[in-house]
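# Descriptive structure summary
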Amino acid sequence: EPTRPQPMMTTCIGITYSLTLSSMTESTRKSLHIGEIFRVEIEKVAHGGHFIARHEGAVIFVRHGIPGEVVEVEITGVEKSFARADVIAVIEPSSARITPACHVAGKCGGCDFQHIDIARQRELKSEVISEQFARIAKMEVDIEVEEVSSPLNWRTRYAASSNARGEVGFKGSRSNEVIAINTCPVLIPEIDIETLPFEKIHSNKRIEVSLGTDGDRTVSVMEQRDSRTAQRATPKVVEGPSSLKYRVNEVEYTVSQSSFWQSNINAPEALVSAVLEFADLKAGDHLLDLYGGVGLFAGAALPIIGPGGRVDIVEGSASATDDARSNFAGAANVHVHTGDVAKEIRKFKRADVIVLDPPRTGAGKPVIEALGKIAARAIVYVACDPAALARDVTYLREIGYHLEDIRALDLFPMTHHIESIALFTLSKVS
């Protein structure tokens, strides 16, 4: 008798990803209908947290599966070149299938891998990186995704939503429905849902919650984003300070509620360690810190490059650059630039090392081409999307840089997300 899988979460971090597939024939596409149920075998993991299966020649992207499983799926969407489906019953389960830690996993839009053993999760993420590099960059990459934190109770910052009744939770996968919950197992307990000041939240709001190193927390509330204009409302802090303190090694950073900071409690230290290892900075170096945020990597670099070195932070967020200026108010050799990286980078003629930590869409060709004119001895690229990184590898190759080394960190356990750190060095001096 088929066993019914526990529902699983997908991503609470909004992501857009592209899928390149051979188009289904018109007759095959028309043979699939929303609500249709049939049995398939899960073949492999796909970028974006789905798994690939096939039915009568049609490619199907399935949620809640594991490679090697035989499952029953229900079609939830039919696109031009593929269909979407959810697992509704497991006929032959994988040995890696476990009971999710959360009772709303699969309904909530958060953790799409909660049904998978944590070791197998990391293996699947490694496979995704290798597949993206093989398909996009046309190169082989053999990589192991490294453990950074426990699989639960790791998140120090999150965004939730309230529904019309004022209940708080996370939105469902590909949905605006708020799945109300009292507790979330990936959150640090001090900022769990049940601890929020519900009397100050009200209905149909976006709630942003952050926890600082010293235990202070901030809760802000704002109107839901207007989907017609994609305009973000101004948050109102209803509890705690408007900015928090985070200590990474011996450096303290001020981070406003509107500024970006890594959500995994161990992520800042892990990323700093990986970036410094690859950057191999020396006294007197000029570091160009692109998409530098509040200055995480700049702060770690300063003791190494010393007073004779220089750091230029380039960041588009005015909130983050305000924080960066505050963080480095006493450092005369740190310069902060607010603006679009693609435009601001034209100001720089040289640098010894470049670190870039772009958004999910990656740096892109215009930025990469500008890096070629600076000709730094090393480029350290921090990427949260392996597909964007693989694409930018091809652009870096065109300007004379080759991939020297790469690491991957599991900063988002229970989700499909992966953080990669790649080192590029000049193949030849032009």
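Residues numbered from 1 in each chain as written. Predicted model: local features only at pLDDT ≥ 70, side-chain atom pairs only at ≥ 80, totals over all residues. Heavy atoms only, no water.

## Digging into the pattern of salt bridges
Inspection of every chain in the model, using the stated rule, returns 24 salt bridges. Close ionic contact of Asp 410 with Arg 122 constitutes a salt bridge, the shortest N to O distance being 3.0 Å. Here Asp 410, found in strand E21 (residues 401–410), pairs with Arg 122, found in helix H2 (residues 118–137); they are 288 residues apart in sequence, far enough to count as distant. Neither residue differs from the other here; Asp 410 and Arg 122 are each classed as buried. Its salt-bridge partner being Glu 344, residue Lys 347 comes within 2.5 Å of it at the nearest N-O pair. (Salt bridge = Lys/Arg side-chain N within 4 Å of Asp/Glu carboxyl O. Helix = DSSP H or I, 4+ residues; strand = E, 2+ residues; numbered from the N terminus. Buried < 20%, exposed > 50% of the residue type's maximum accessible area, 1.4 Å probe, protein only.)

## Observations regarding the side chain of Asn 327
Within the secondary structure, Asn 327 is located in helix H5 (residues 318–327). Polar side-chain contacts of Asn 327 include one of 3.1 Å to the backbone oxygen of Val 294. Excluding residues that lie within four positions of it along the chain, Asn 327 makes contacts with Glu 252, Tyr 253, Thr 254 and Val 294. (Polar contact = N/O pair within 3.5 Å; in protein donor to acceptor, adjacent residues only side chain to side chain. Contact = heavy atoms within 4.5 Å.)

## Side note on the sheet that holds E21
One open sheet accounts for eight strands, arranged E7-E21-E22-E20-E19-E16-E17-E18; its pairing is mixed. The open sheet has two edge strands, strand E7 (145–147) and strand E18 (334–338), and neither has a second partner. Between one strand and the next, the sheet's axes are offset by a mean angle of 20°, whatever the strand orientation. Together, strand E16 (286–290), strand E17 (310–315), E18, strand E19 (353–356) and strand E20 (378–383) form the strand contacts of helix H4 (residues 296–305), whose direction differs from that of E17 by roughly 170°. (Pairing = 2+ DSSP bridges. Axes fitted to C-alpha atoms, helices over the stretch in contact; angles between N-to-C directions.)

## Some remarks on the environment of Pro 151
Along the polypeptide, Pro 151 turns up in the loop between E7 and strand E8 (157–162). A residue is classified by how much of its surface remains accessible, and Pro 151, at 26% relative accessible area, is partly exposed. Sequence-wise, Pro 151 and Met 414 are 263 residues apart; in three dimensions their C-alpha atoms are separated by 6.6 Å. Non-local contacts of Pro 151, meaning those with residues more than four positions away in its chain, are made with Ile 118, Val 186, Pro 413 and Met 414.

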